[in-house]
Amino acid sequence: MLRSLITVAYRNLIRHKVFSIINIMGLAIGIAASTLLLGYVSSELSYDDFHSNNENIYRIRFDSYKSSVLESSSAIGYYGAAPAIKENFPEVLNYVRLHRADGMYTYHPQNGQSVSYHEKKAFYSDSTVFSVFNFQLIKGNKSKVLRTANSLVISESAAGKYFGQENPIGKTISLTTEWEGGDYLIEGVFKDVPDNSHIKFDFLIGIEGLLHNNQFKNGAWYWWNFYTYLVLQPGIDPTNLEQKFLSVIETYLGNELRKTDRQEKFALQRLSEIHLHSNLSSETEVNGNYKTISALLIVSFIIIGIAWLNYINLSTAKATERAREVGVRKLLGSNKRRLIVQFLVESVTITSIAIILAVVIVLSTLPFFHQLIGRSLVISIPNQISFWIPAIGIMVIGTFFSGLYPAFHLSSFQPVIALKGKVLQSKSGVHIRKLLVVIQFSASALLIIATLTIFKQLQFMRNQDLGMNIKQKVVVRAPKIIKGESYMNEMDYFKNRIKTNSQVVSVSTSSEVPGKEIFWSNEFRIQGEPESIRKLVNILAVDEDFIPTFNMTILAGRNFSKDRVSDFGSATIINESALKALGLNTPEQAIDQELTLGTATSKKIIGVIKDFHQQSLKEFSKPTIINYIPWRQDYITISITGQDLKNTIASIESTYRGIFPGNAFEYFFLDDQFNLQYQSEEREWKLFILFALLSVLVASMGLFGLSSFLTIQRAKEIAVRKVLGASVPAITFLLSKDFIKLVLVALVLTVPLSWFLMKQWLMGFAYHIDVPLPGFVLSAVLMVLIALLTISFQTIKAAFTNPVESLKNE
């Protein structure tokens, strides 16, 4: 019997080629698109799930309050927090602390040239890192590494980068930073950190390397910048434990906090929730966004839903052609159950072909998809059985149920009515088909509006005035090794040398550049005011050329001058946000005011500059003071004309290597680096535009098939109208107007929902556009045009058909 059912299904597919192709292609594209999106969503949801104990690992979030109002939340905190917590609370089984160890790493082989690179994926770490986490140490003993001040473990990639095929164990790498450095003995090699880890590193140095002068031991609750992870006993309620932490804060920080009317709390973040639910200051990397992932998950179901609705719509529309077939089968003895099985077999046949085609589409487009999202999926779609089984299961179940309605609908025809051809007069099927068309185009319109909104916001952020000029700027990592006696003299010599190049406009040095988070912060107040009014401020260290190089606007006062001895160490320039934080009304009022940083350091305000965006427009401008510290910096910013770029970079590199031998030369273009902050939004836009187009394509395929069928059904009506004198435009309008009405209804239903959802999304940005109403108009025009183009082929063809051809059989 099964063979007979499959044979009949096959014959029906061949007999109705156009509708079969539309159904199969629509389902295949829908399944393939949903599979790719589900792969991306699964990859994002899989962050940190490779740690066997991840449900019991938490990171401490350090919250700071001023007069009971939350002032800041940070991913980094005190060196002394973790040991004190573990000592006082048996609920805590273990901990690990990480402190950034960025700098220039150098390997000096006995024979051969030194290998040097500036590394950013590096941390000082407790020796417990391989016990708390499941990072795989493939060489070395995890119970012995990172226990001394000069201990180092490196990744497989770093081993290949510095040592090639040599065994790195026992070899020494030198680290040079602005403030410290040293030689570190490689004791182990670990497997590269997986891409779905929220914290990534290639170098781990024993945390004892920070304790060489006991500065952390003696000031454990004053030294900051430590990422702190705790392992809790299973079943412990993190909320209750957070309340217990207050006693530790009181013991070690209580007196100091009361002086400034401040409060602090230690909150616990579950490890698996950090990537999608955390957006704190000093994150180890730019995290994902749970709302975006939820939206993309919905989009994946929208696309496959549109494909399923296509199948239902076309199958029920086609029912009128198969009514006589149903009538004959029933008269010959087929019962309703057998007819349902027959039509379900046809549905399964179409689904099976579509799934096979979808797999081919996924495998062939996966490299392009990886390029689109800017990285490879952590979940390997071709090889991941745990992904394919549920994914295909969802597709099969969904398509099976989408085949149920047509099966029951077709099998419900009464034989006599079916054989007389009176099924056409049923209105219920027509209403359902109209509803399905409305749902399809509502979903497509929503995706188009979302795509346009994301694009407009991205364009706004990239074109917004940043309060500085970041274009035509080449940034070079400042040297860590200086052969001469004076850093300032060597740097001045370098700056003067490269300025002789006609393509170089100006040169500046600074501790950070735009697009980089400022990690140096303190509390400040106007001298003489009570300590309780101190507020947090970011601190940027620069030379005298920084403000003119970036074309910053000085609102009052003056810039730094190396000819004024008083500027060295005691002068500062503040931004508008700092001005407001100090409670001053005008820039002029701030000039010559004395500031107190922390508890003792004094600075005189010599200038006020317009607010500038150190980071993306997702963040508000923060109070920032700029100090004149030209003798040691991290970055050299070179403003260039942009002409003859290749030779300009080559000239800069030659001069750099000649003046600063032994230093790695690395550079980047500042505007490119700054725009990396928007890579998440860029990726969202690309995904939305791709899948919006696919959803429209699938919906249009369905509309094409439906319009083709209904045009055929009305062929004799069209012929009669032509005989009675109807023109081609009139007939085209007659056949098109019902579909256009449905598209307009879809738009009316979609606009309010789209406006609400886009408003909520935009609220996640500190600086954002209003919901772009022109985008709604454009979306409406696009949807109407797409619908017209889709149905115009069949309607115009029908309007031009010779009426004799349609009436000759009557």
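Preceding this paragraph is the structure being described.
Rules behind the numbers
Residues numbered from 1 in each chain as written. Predicted model: local features only at pLDDT ≥ 70, side-chain atom pairs only at ≥ 80, totals over all residues. Heavy atoms only, no water. Helix = DSSP H or I, 4+ residues; strand = E, 2+ residues; numbered from the N terminus. Buried < 20%, exposed > 50% of the residue type's maximum accessible area, 1.4 Å probe, protein only. Contact = heavy atoms within 4.5 Å. Areas by Shrake-Rupley, 256 points an atom, 1.4 Å probe, with all protein chains shown as cover. Expected span 1.5 Å × (residues − 1). Bend = angle between axes of the 7 residues up to and from the residue. 1 Å grid on protein atoms, 1.4 Å probe; cavity = no way out; pocket = protein on both sides within 12 Å on 5 of 7 lines; lining within 4 Å. Points joined across faces, edges and corners; volume = space filled by probe spheres on them. Nonpolar A, V, L, I, M, F, W, Y, C, P; charged D, E, K, R; others polar.

Undergrad: Can you help me understand the overall build of the protein in this one?
TA: Counting its regular elements, the protein contains 26 helices and 24 strands. Here the protein, with 810 residues, has 53% of them falling under the buried criterion. Taking all contacts inside the protein whose residues are at least 6 apart in sequence as the whole, residues at least 24 apart take part in 80%. Per element, the accessible surface of the protein, about 36400 Å² overall, is 57% carbon and sulfur.

Undergrad: Would you mind showing me how to read the environment of V132 here?
TA: Among the secondary structure elements, V132 is positioned in helix 4 (residues 129–132). Distance from V132 to S52, taken between C-alpha atoms, is 9.5 Å for residues 80 residues apart in sequence. Sequence-distant contacts of V132, defined by excluding residues within four places in its chain, comprise I57, N94, Y95, V96 and V231.

Undergrad: Looking at this model, I keep getting lost on helix 7 (residues 238–259). Mind explaining?
TA: Every α-helix winds through 3.6 residues per turn, so residues three or four apart in the chain are directed the same way. Taking 1.5 Å of rise per residue, 22 residues should cover 32 Å, and helix 7 covers 29 Å from first to last C-alpha, within 8% of that figure. Along helix 7, the helix axis deviates most sharply at L253, where the bend reaches about 75°. Residues P238, L241, E242, F245, V248, I249, L253, G254 and L257 constitute the buried set of helix 7. The inward-facing, buried residues of helix 7 contact strand 1 (57–66), helix 3 (81–88), strand 3 (92–100), strand 12 (227–232) and strand 13 (262–270). Of the residues trailing helix 7, D261 is marked for its positive phi of about 55°.

Undergrad: Please explain empty space enclosed by the protein as it appears in this structure.
TA: A water-sized probe rolled over the atoms picks out the places where empty space is left. By the definition in use, this model includes 3 cavities of 30 Å³ or more. Put simply, the second largest cavity is a space of about 60 Å³. Taken together, Y40, E44, G288, N289, T292, I293, S680, R683 and E684 form the lining of the second largest cavity. Only helix 2 (17–45), helix 9 (290–317) and helix 22 (679–713) provide two or more residues apiece to the lining of the second largest cavity. In terms of residue count, helix 22 provides more of the lining of the second largest cavity than any other element does, 3 residues in total. Of the residues in the lining of the second largest cavity, the class split is 2 nonpolar, 4 polar and 3 charged.

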